[in-house]
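Residue-level structure breakdown
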Amino acid sequence: MALESKVLDLARIEGRSVLTEIESKELLKQAEIPVVETRLAKSKTEAIRISKELGFPVVLKIASPDIVHKSDSGGVRLGVANATQVGKAYSEIMSSIKEKYPNAAIQGLAIQRMAPPGLEVIVGMSKDVQFGPVLMFGLGGILVEVLKDVSFRIVPITRRDAAEMIREIKGYPLLEGYRGQEPADISALEELMVKVSQFVEQNPEIKELDLNPIFAYRDRAIAVDARIILETPEKV
Ligand code: ADP
Ligand code: MG
């Protein structure tokens, strides 16, 4: 099933290749890849209404195709506890972004529930000149950034490949539950990785994909952030 959606039509009309978190999650959801429900608020009033509907605490994030690293630019507020705080966080994020990126196109704020703490892992796809789409798995945070503790396989991957990728990283014992920490649902992660592989295989117009982080729990795994970059039209 190839991607056919309003999300892609809009990106094409606007001539951009970066999809926002909300747009990326919408496509992933269609592919049955688990993502935290995320909605767009275009005003403070809307942000408060959506937060109440989703239930507190919530997370607010800047929604702009021009801002890829949302927290680095002051565009993320975690654990926002009530309507008053949503209003305050809304103004703070908007003014910080307008000061730092006066020319960024801003769609509004992405609102989602604050997910309970889980083990952070990442799944990514990038295209290698020689091998084409390559899937990456690693543990989130400093383990990836500093230690580069990641594994790779060429797309498409099988369930067995996913199982190997997970067990190959040095941090694997953390996923099994380390020093009283809850073990992660490894089979849910394997399933998620196979689905991501199928998703990118079926949609060659995707140039890059990042689920960073995915929260892994004892009984499930769910992406709290997502980013998709499309090929520029002439390359598809
Ligand atoms: P970016 O990667 O663009 O800076 P993220 O959406 O990844 O922004 O948010 C930064 C961090 O905030 C994440 O790595 C994660 O630890 C935390 N976070 C993001 N969304 C949620 C959420 N819905 N629930 C809990 N924590 C979250
Ligand atoms: Mg992220």
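This report concerns the structure included in the present document.

Here is what the cut-offs are and how they apply
Residues numbered from 1 in each chain as written. Chains lettered and ligands numbered in written order. Predicted model: local features only at pLDDT ≥ 70, side-chain atom pairs only at ≥ 80, totals over all residues. Heavy atoms only, no water. Pairing = 2+ DSSP bridges. Helix = DSSP H or I, 4+ residues; strand = E, 2+ residues; numbered from the N terminus. Axes fitted to C-alpha atoms, helices over the stretch in contact; angles between N-to-C directions. Contact = heavy atoms within 4.5 Å. Near = heavy atom within 4 Å. Polar contact = N/O pair within 3.5 Å; in protein donor to acceptor, adjacent residues only side chain to side chain. Areas by Shrake-Rupley, 256 points an atom, 1.4 Å probe, with all protein chains shown as cover. Buried < 20%, exposed > 50% of the residue type's maximum accessible area, 1.4 Å probe, protein only. Arc of directions from axis to C-beta. 1 Å grid on protein atoms, 1.4 Å probe; cavity = no way out; pocket = protein on both sides within 12 Å on 5 of 7 lines; lining within 4 Å. Points joined across faces, edges and corners; volume = space filled by probe spheres on them. Nonpolar A, V, L, I, M, F, W, Y, C, P; charged D, E, K, R; others polar. Domains from an automatic or database assignment.

1. Examining the sheet that holds strand E3 (residues 58-63)
Across the sheet, 4 strands lie side by side as E2-E5-E3-E4; this open sheet has antiparallel pairing. This sheet does not close on itself; its edge strands, each paired only once, are strand E2 (38-41) and strand E4 (76-80). Averaged over neighbouring strand pairs, the angle between their axes works out to 25° when direction is ignored. Relative to strand E5 (residues 108-113), E2 runs antiparallel, the two sharing 4 bridges. Within the sheet, the bridge partner assigned to Leu 40 lies in E5 and is Ala 110. Set on the sheet, helix H2 (residues 21-30) makes contact with E2, E3 and E5; between it and E2 the angle comes to about 145°. The sheet contacts of helix H3 (residues 44-54) involve E2, E3 and E5, and relative to E2 the element is tilted by about 160°.

2. Considering the site of ligand 1
Around ligand 1 there are 17 residues in total, and Lys 61, Lys 70, Ser 71, Ala 115 and Glu 120 lie nearest to it. Between ligand 1 and Asn 212 there is a distance of 3.3 Å, counted from an oxygen atom to a backbone nitrogen or oxygen. The protein chains hide 84% of the 540 Å² of surface that ligand 1 would expose on its own. Counting only elements with at least two residues in the shell around ligand 1, the list comes to E3, E5 and strand E9 (206-216). With 3 residues, E9 is the largest single contributor of residues to the shell around ligand 1.

3. Here we look at helix H1 (residues 6-13)
For H1, every residue scored as buried is listed here: Val 7, Leu 8 and Ala 11. Angular distribution of buried residues about the axis of H1 spans 95°; they occupy a single face of the element. Structural note: H1 exposes Lys 6 and Ile 13 on the side pointing more than 90 degrees away from its buried face. Residues of H1 that are buried sit in contact with strand E1 (18-19), H2 and strand E11 (226-230). For H1, the side-chain oxygen to backbone nitrogen distance between the N-cap and Val 7 is 3.3 Å, and the N-cap itself is Ser 5. Of the residues flanking the end of H1, it is Gly 15, one or two places downstream, whose phi is positive at about 65°.

4. Regarding the layout of surface pockets
In this model, the largest pocket occupies a volume close to 1,000 Å³. If you go around the largest pocket, you meet 45 residues; those closest to its centre are Lys 70, Ser 71, Asn 212, Pro 213 and Asp 225. A breakdown of the residues in the lining of the largest pocket according to their chemical character gives 24 nonpolar, 10 polar and 11 charged. For the lining of the largest pocket, the two domains that each supply at least three residues are domain 1 (37-113) and domain 2 (119-235). Taken together, Ile 22, Lys 25, Glu 26, Lys 29, Val 35, Val 36, Glu 37, Thr 38 and Arg 39 make up the lining of the second largest pocket. Listing elements by their share of the lining of the second largest pocket, those giving two or more residues are H2 and E2. If one sorts the elements of the lining of the second largest pocket by residue count, H2 sits on top with 4 residues. Across the lining of the second largest pocket, the residue classes tally to 3 nonpolar, 1 polar and 5 charged.

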